[in-house]
Amino acid sequence: AAEAWEAELSRVRILGGSDDARRLFYSALYRTLLAPTIFTDESGAYRGFDDAIHSADDFTYYSDFSLWDTYRTVHPLFNLIQRERHGDMIRSLVMMAEQGGDLPKWPLGIGYTGGMVGTSADIVLADAVLKNISGFDEDAAYAAARMHATEPRVNAGRSGIAGYRERGWVATDDTGSAASRTLVFAHADYALGRWAALRGDSDDAELFSASAGNWRNLWEPELGYLIGRRADGSFVIDGFDPDVWQGYYAEGTAHHYLWSVPHDALGL
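Reading the values: the criteria
- Residues numbered from 1 in each chain as written.
- Predicted model: local features only at pLDDT ≥ 70, side-chain atom pairs only at ≥ 80, totals over all residues.
- Heavy atoms only, no water.
- Patch = residues over 30% accessible without salt bridge, like charges linked within 9 Å, V, L, I, M, F, W, Y side chains within 5 Å.
- Areas by Shrake-Rupley, 256 points an atom, 1.4 Å probe, with all protein chains shown as cover.
- Salt bridge = Lys/Arg side-chain N within 4 Å of Asp/Glu carboxyl O.
- Helix = DSSP H or I, 4+ residues; strand = E, 2+ residues; numbered from the N terminus.
- Buried < 20%, exposed > 50% of the residue type's maximum accessible area, 1.4 Å probe, protein only.
- Phe/Tyr/Trp six-rings, centres within 6.5 Å; stacked < 30°, edge-to-face > 60°.

### Brief notes about a nonpolar patch on the surface
Here comes step 1: A cluster of nonpolar side chains, namely Trp 219, Trp 259 and Leu 268, defines an oily patch on the protein surface of about 340 Å² accessible area.
Here comes step 2: Tracing the chain through its elements places Trp 219 in strand S5 (residues 219-220).
Here comes step 3: Taking the relative accessible area as the measure of exposure, Trp 219 reaches 35% and is therefore partly exposed.

### Here we look at the packing of aromatic side chains
Here comes step 1: Applying the stated criterion across every chain yields a total of 10 aromatic pairs.
Here comes step 2: Relative to Phe 240, the ring of Tyr 225 lies with its centre 5.6 Å away and its plane at 50°, an arrangement referred to as tilted. With Tyr 225 in strand S6 (residues 225-226) and Phe 240 in the loop between S6 and helix H11 (254-257), this pair connects stretches of sequence that are 15 residues apart.
Here comes step 3: For Tyr 225, a relative accessible area of 14% corresponds to the buried category.
Here comes step 4: For Phe 240, a relative accessible area of 16% translates into the label buried.

### Considering the pattern of salt bridges
When the charged atoms of two side chains lie near each other, side chains of opposite charge can form a pair.
Here comes step 1: Counted under the stated rule, the structure contains 17 salt bridges.
Here comes step 2: Between Glu 8 and Arg 85 there is a salt bridge whose closest N-O contact spans 3.5 Å. Of the two residues, Glu 8 is situated in helix H1 (residues 2-9) and Arg 85 in helix H5 (residues 83-100); the sequence distance between them amounts to 77 residues.
Here comes step 3: Here Arg 216 ties to Asp 264 by a salt bridge, and the two come within 3.5 Å at their closest N and O atoms. Linking Arg 216 in the loop between helix H10 (202-211) and S5 with Asp 264 in the segment after H11, this pair joins segments that are 48 residues apart in sequence.

By themselves, these observations are geometric and do not establish any function.
Following this line, the structure appears as structure tokens:
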């Protein structure tokens, strides 16, 4: 076990710093490798999202992806230091879509949980393609991600997607965590736009690149924050307090979500 961990931790070499700092660094690196979970048994068999037994003959099937967290942390790291293993993880997500009908938002074991907001798998897949991660069906991956971004889905799709496409934001009187959804949808659309451009799909590239700017629809200039907005276009200003978790955010306040535009920092 020590030799196996040494091999993985040695993929990153750091210089300088104190003993405590280096210990903290490698302890954190160790924790990044605790999930997702290898879900194949010794024979390569695994139970899929269709509740059937499948065989992963030429890859390792993974489950337990907390994508709302890991799309911005673990997966970008794995694109750099776990490239061969990450290809199997991406392939696993695509197999979930093939066998279950949709890409997952937060897959756990053998099924969907629908946890959290947005469809973070779209960003994970796009970033993997842009970083030249191989070993999965890119066409199938793009088709599944595109469905998330354009239409309501049965299994853990983008709640409020119809209104988002029509008006440019998810309305607070349409679904919960509406502001968070709008911001995450815009980020995912940016990723899909980059991916479509790489594929040579100019129509999709234009569509998603345009909606990547939908975060601007939540900017309330007098308050100076990105806040919730109703379907009629009015902002939800009554009772606003940037230190209080408002109902149109998911697990955060206006201070946190002010920075939820990683794809357009200059615009922000």
